[in-house]
Each structure stands twice: as C-alpha cells, then as structure tokens.
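Reading the structure
Here is what each chain is made of, one letter per residue.
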Amino acid sequence: MSPGQIALLAVAGVLAGSVNTAAGGGTLISFPALLALGVPPVTANITSAIGLVPGYAGGAYAYRRELHGQRRRFVGLLAVSILGGIVGALLLLATPGNAFKRAVPYLVIISCLLLLAQPRLAAWVNNRRRQEATTTRNEISRFGIQSGGLLASVYGSYFGAGLGVLLLAVLGIFISDDMQRLNALKALLSLVIVTAGATVYIGLGQVSLLQVAILCATSCIGGFLGGFAARRLSPETLRRAVCVLGFTVAAVMLKQG
C-alpha cells in the first residue's frame, strides 16, 4: 500500500469508528473506502468487519452499567449469536465473488434504509415499554427471540451494516425493559457476532493483515472521538450523511453493473 492509500484507509477507519459510536453505520464508510483501494468486495467486507471490532468492544464497555443484571439474557442468546456469526461468515465465503459483487448495492441500500428507520424503531420500542402494564410475565418468548436473534446474527456476520438496528428490533419485540438497557445488550451481542465471524475469517486466512491493523487502530481512535461527537453533533445529521454516502455508493455500483 502507498502512503496515500494508508492515509485514506486510516481516515476512513477514524470516521467509521466515530460514526458507529455516535449513530451507527460505520461499515458504510469503511467498506466503500476499501473498494476505492481496489480491494475485491468479499475481501473488503471481511476486512471491514474485522477492522471495526474494536469499536464494538468500546460500545459494549461504555454500556457496562446498563448490562448489570442482564447476565441471564446474554447467556440465553450467546449460543445463537455465535452460531449466527459463524454461519454468516461461512455463507459469505461460500458466495462467489461475482454474485456478492452484484448483491452488494442492494445490501447497502437495505442497510441505509435500516439506518434511516432507527429513530422510529427506538420510538416504537419506547412506546411499547410505556404501554405494557407488567414486565414480569415470561418476558422472553424463547423461540421468537432466539429465531430472530439467529437471523440477525447471520445477516450481521454476512454484511455488518444494520446489525444493531435488527438486533434492537428483535430485543424490543420480545424483551420488556428500558431502551438503554436494550441498547447495552444489543452492543454486547453485536460484539459476540462480529467476533465469531472474524474468528472464521482469520482462521481461514481470508484477511489482509496490514489493512485490518490500520482499521483496528484507527476505528478504536474513532470510537473514542465518536463519544465526544455524539454529545455535540446531532446523531440524525450523522445518520443522514452516512446514508447519502451509502446510497451514492450503491448507485455507482449499480451503474457499473
């Protein structure tokens, strides 16, 4: 990699880590940056997924207080999260490069739509919390939450953008609790899912170590900066900016065929 390419990837890593912390959707920055460097789509997706893991870890750590008392829920969803992460990674590796390249614009569009829907989803979950009279009834429909969690995990490992939104939807439907506590559980499960996928990719030698190292370091820095940005900038503004980028990337890729 040339110094200019390293600088581009480093900037993308900082921005992706910041956006992930402040609003979500960092993959929609790191993934196009890797494509711009000439990295094949499948390899770019894998590299982006592994490189942004430190950001997920930072998010889970930031929510450590809200995770208190949720050990049973986490353990109940741990197996399906690991399984989904592994299955999603294997599905990606089994997808022919040309087929994945054709699917990427549509995956990006889906991710952008999920990101745009995030505020309404959060409001819906909060409304549901207020409307429920009790939270002590068997608060988890075991089959429903595990099935939904598995599907979200597979998607998140296959193409990471939008994972948090999907997980929040599943948790919000089947668990009665405060929004911040649901966000905390979502953050920890997201870390498990992307780590499971990353383990598969690394174990099968499907990574460029230099690019992963750059993204890991810079996304970690971006994660810290994102915490400050979240207090000063509107998450909605960041969310819309990321989606504009995502829709642009999708349009360019569709045009290129």
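Refer to the structure above for everything that follows.
These figures come from a predicted structure and were not determined experimentally.

What follows is about the overall build of the chain. Within the chain one finds 11 helices and 0 strands. Of the regular secondary structure in the chain, the N- to C-terminal order runs α-α-α-α-α-α-α-α-α-α-α. Counting only residues that meet the buried cut, the chain has 49% of its 257 residues in that class. Excluding contacts between residues fewer than 6 apart, the proportion of contacts in the chain whose partners are at least 24 apart in sequence is 84%. Total accessible area on the chain is roughly 12,200 Å²; 66% of this is exposed by carbon and sulfur atoms.

In this section: the environment of Leu 245. Examined against the element boundaries, Leu 245 turns out to sit in helix α11 (residues 235-256). Assessed through its relative accessible area of 34%, Leu 245 is described here as partly exposed. Setting aside its immediate chain neighbours within four residues, Leu 245 contacts Leu 28 and Ile 29.

Following the criterion strictly, the structure yields 2 aromatic pairs and no others. Ring geometry for Phe 31 and Phe 159: centres 5.6 Å apart, planes at 90°, overall edge-to-face. A residue pair is termed long-range when its members are at least 10 positions apart, and Phe 31 in helix α2 (residues 27-36) and Phe 159 in the loop between α7 (142-158) and α8 (163-174) qualify at 128 residues. Judged by its relative accessible area of 0%, Phe 159 is buried.

A few words on α7. Helix length check: α7, at 17 residues, gives a terminal C-alpha distance of 24 Å against a target of 24 Å (1.5 Å per residue), a fit within 8%. Three or more residues of α7 are buried, namely Gly 144, Ile 145, Gly 148, Gly 149, Ala 152, Ser 153, Val 154, Tyr 155, Gly 156, Ser 157 and Tyr 158.

All right, on to the nonpolar core then. If you look at the biggest cluster of nonpolar residues, it comprises 67 residues, and the most contacted ones within it are Leu 28, Leu 92, Phe 100, Val 108, Phe 159, Leu 171 and Leu 189. For this core, the leading source of residues is helix α9 (residues 179-203), giving 13 residues. Setting aside residues no more than four positions away along its own chain, Phe 159 makes contact with Phe 31, Asn 45, Phe 100, Leu 107, Val 108 and Ser 111.

Once that is clear, we can look at the packing of α8 against α9. Close contact between α8 and α9 brings their axes to 9 Å; oriented N to C, the two are set at 130°. One way to sum up the angle between α8 and α9 is to call them oblique. The two elements α8 and α9 cross, and the hand of that crossing is right-handed. Residue-level contacts link Leu 163, Gly 164, Leu 167, Leu 168, Leu 171 and Gly 172 of α8 to Met 179, Leu 182, Asn 183, Leu 185, Lys 186, Leu 189, Ser 190, Ile 193 and Val 194 of α9. For the contact of α8 with α9, the residue count by class is 10 nonpolar, 4 polar and 1 charged.

Looking only at helix α4 (residues 53-62), the buried set comprises Val 53, Gly 55, Tyr 56 and Ala 60. What you see down the axis of α4 is that its buried residues fit within an arc of 160°, all on one side. Across from the buried face of α4, at angles greater than 90 degrees, the exposed residues are Tyr 61 and Ala 62.

For the rest of this paragraph, the subject is the side chain of Thr 95. Position of Thr 95 relative to the elements: it lies in the loop between α5 (71-94) and α6 (97-131). Of the polar contacts made by the side chain of Thr 95, one reaches the side chain of Tyr 158; its length is 3.1 Å. Apart from the residues within four sequence positions on either side, Thr 95 is in contact with Phe 100 and Tyr 158.

This paragraph deals with the packing of α4 against α9. The N-to-C vectors of α4 and α9 enclose an angle of 155°; their axes lie 8 Å apart at closest approach. As judged from the angle between their axes, α4 and α9 are roughly antiparallel. Handedness of the crossing formed by α4 with α9: left-handed. In this structure, α4 uses Val 53, Tyr 56, Ala 57, Gly 59 and Ala 60 to contact α9, whose residues at the interface are Ala 187, Leu 188, Ser 190, Leu 191, Val 194, Thr 195 and Ala 198. Looking at side-chain class alone, the contact of α4 with α9 contains 9 nonpolar, 3 polar and no charged residues.

Among the surface-exposed residues, Ile 82, Ile 86, Leu 90 and Leu 204 lie close enough to one another that they form a single nonpolar patch of about 310 Å² accessible area. Tracing the backbone shows Ile 86 in helix α5. Using a relative accessible area of 32% as the deciding quantity, one classes Ile 86 as partly exposed.

Thresholds, definitions, all that
- Residues numbered from 1 in each chain as written.
- Predicted model: local features only at pLDDT ≥ 70, side-chain atom pairs only at ≥ 80, totals over all residues.
- Heavy atoms only, no water.
- Helix = DSSP H or I, 4+ residues; strand = E, 2+ residues; numbered from the N terminus.
- Buried < 20%, exposed > 50% of the residue type's maximum accessible area, 1.4 Å probe, protein only.
- Contact = heavy atoms within 4.5 Å.
- Areas by Shrake-Rupley, 256 points an atom, 1.4 Å probe, with all protein chains shown as cover.
- Phe/Tyr/Trp six-rings, centres within 6.5 Å; stacked < 30°, edge-to-face > 60°.
- Expected span 1.5 Å × (residues − 1).
- Core = buried A, V, L, I, M, F, W, Y, C linked by side-chain atoms within 4.5 Å.
- Axes fitted to C-alpha atoms, helices over the stretch in contact; angles between N-to-C directions.
- Parallel < 35°, antiparallel > 145°, perpendicular 65-115°, else oblique.
- Left-handed = near helix turned anticlockwise from the far one by under 90°.
- Nonpolar A, V, L, I, M, F, W, Y, C, P; charged D, E, K, R; others polar.
- Arc of directions from axis to C-beta.
- Polar contact = N/O pair within 3.5 Å; in protein donor to acceptor, adjacent residues only side chain to side chain.
- Patch = residues over 30% accessible without salt bridge, like charges linked within 9 Å, V, L, I, M, F, W, Y side chains within 5 Å.
- Salt bridge = Lys/Arg side-chain N within 4 Å of Asp/Glu carboxyl O.

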